[in-house]
Amino acid sequence: HRLQREAQVLDAVWRGLSTIHAMVEVLYADVRMELHKPARRSVLAHLVKLVADGLVAVEAGTLPRLDSTYVPA
């Protein structure tokens, strides 16, 4: 499931979803709203890995954060 979610996060970035908030709204649309906060942390963890792998970049060139803007690398 982890690899599937990672692929979904990467796809979301490639489709133009540039914030974690936007990604969670789409990727976790069928999940109760009170679970979106931990979902944001999960998406951040995937983005940290994807940035390290060189597949995603942080727009400002900083380290990945919950409030960062993400773009395809």
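Preceding this section is the structure that the text describes.
Each chain has its residues counted from 1, following the order in which its sequence is written. Confidence filtering applies because this is a predicted model: local features only for residues at pLDDT of at least 70, side-chain atom pairs given and counted only at 80 or more, and all residues used for totals across whole chains, interfaces and linings. Computation of side-chain values covers all heavy atoms of the structure but excludes hydrogens and water.

Asker: An account of the pattern of salt bridges is needed here, citing residue identities and associated values.
Answerer: Side chains carrying opposite charge are able to pair once their charged atoms draw close together. By definition here, a salt bridge exists when the distance from a side-chain nitrogen of Lys or Arg to a carboxyl oxygen of Asp or Glu is within 4 Å. Tallying each qualifying case throughout the model produces five salt bridges. Of the charged contacts, one joins arginine 32 and glutamate 34 as a salt bridge, the two residues approaching to 2.5 Å between their closest N and O atoms. When sorted by exposure, arginine 32 lands in the same class as glutamate 34, which is exposed. Across the pair lysine 49 and aspartate 53 runs a salt bridge, and its minimum N-O distance is 2.5 Å. Think of it in three bands: with a 1.4 Å probe and only protein chains considered, a residue is buried below 20% of the maximum accessible area for its type, exposed above 50%, and partly exposed in between. Among the residues examined, lysine 49 registers a relative accessible area of 34% and is labelled partly exposed. Aspartate 53 sits in the partly exposed class, given a relative accessible area of 41%. If you follow the salt bridges from partner to partner, you end up with Glu6, Lys49 and Asp53 in one network.

Asker: Kindly report on the packing of helix 1 (residues 2-14) against helix 3 (residues 36-52), identifying the contributing residues and their values.
Answerer: Relative to each other, helix 1 and helix 3 sit at 75 degrees, their axes nearing to 10 Å. Judged by the angle between their axes, helix 1 and helix 3 are roughly perpendicular. Residues Arg2, Arg5, Glu6, Val9, Leu10 and Val13 of helix 1 lie in contact with helix 3, whose contacting residues are Val43, His46, Leu47, Lys49 and Leu50. Under this scheme, a helix contributes an axis fitted over its contacting stretch, all axes are lines through C-alpha atoms, and angles between N-to-C directions fall in the 0 to 180 degree range. Per the convention used, a helix needs a DSSP run of H or I reaching at least four residues, while a strand needs a run of E reaching at least two, with both numbered from the N terminus. Small angles under 35 degrees read as roughly parallel and large ones over 145 as roughly antiparallel, with 65 to 115 read as roughly perpendicular and the rest as oblique. Residue contacts follow a heavy-atom distance rule, with two residues in contact if any of their heavy atoms lie within 4.5 Å.

Asker: Break down helix 2 (residues 20-27) for me, citing the residues and quoting the values.
Answerer: Among the residues of helix 2, those classed as buried are Ile20, Met23, Val24 and Leu27. Mapping the buried residues of helix 2 onto a view down its axis gives an arc of 100 degrees, with all of them on the same face. Looking at the buried side of helix 2, the elements it contacts are helix 1, helix 3 and strand 2 (70-72). The arc in question is the one traced by the directions running from the helix axis out to the C-beta atoms.

Asker: Quick one: what's the story with the nonpolar core, residue by residue and with numbers?
Answerer: Residues belong to one nonpolar core when they are buried, are Ala, Val, Leu, Ile, Met, Phe, Trp, Tyr or Cys, and are joined through side-chain atoms within 4.5 Å. Counting 17 residues, the largest nonpolar core has Val9, Ile20, Met23, Val43, Leu47 and Tyr70 as the members making the most contacts within it. Looking at this core, the elements that each hand over two or more residues are helix 1, helix 2, helix 3 and strand 1 (56-58). Not counting chain neighbours up to four residues away, the residues in contact with isoleucine 20 comprise Arg40, Val43, Leu44, Leu47, Arg65, Leu66 and Tyr70.

Asker: Tell me about the environment of arginine 32, and please be specific about residues and values.
Answerer: Along the chain, the position of arginine 32 falls in the loop between helix 2 and helix 3. The definition of a polar contact used here is a pair of N or O atoms within 3.5 Å, where within protein one atom must be able to donate a hydrogen and the other to accept one, and adjacent residues in sequence count solely through side-chain atom pairs. Here the side chain of arginine 32 touches glutamate 34 through a polar contact of 2.5 Å, side chain to side chain.

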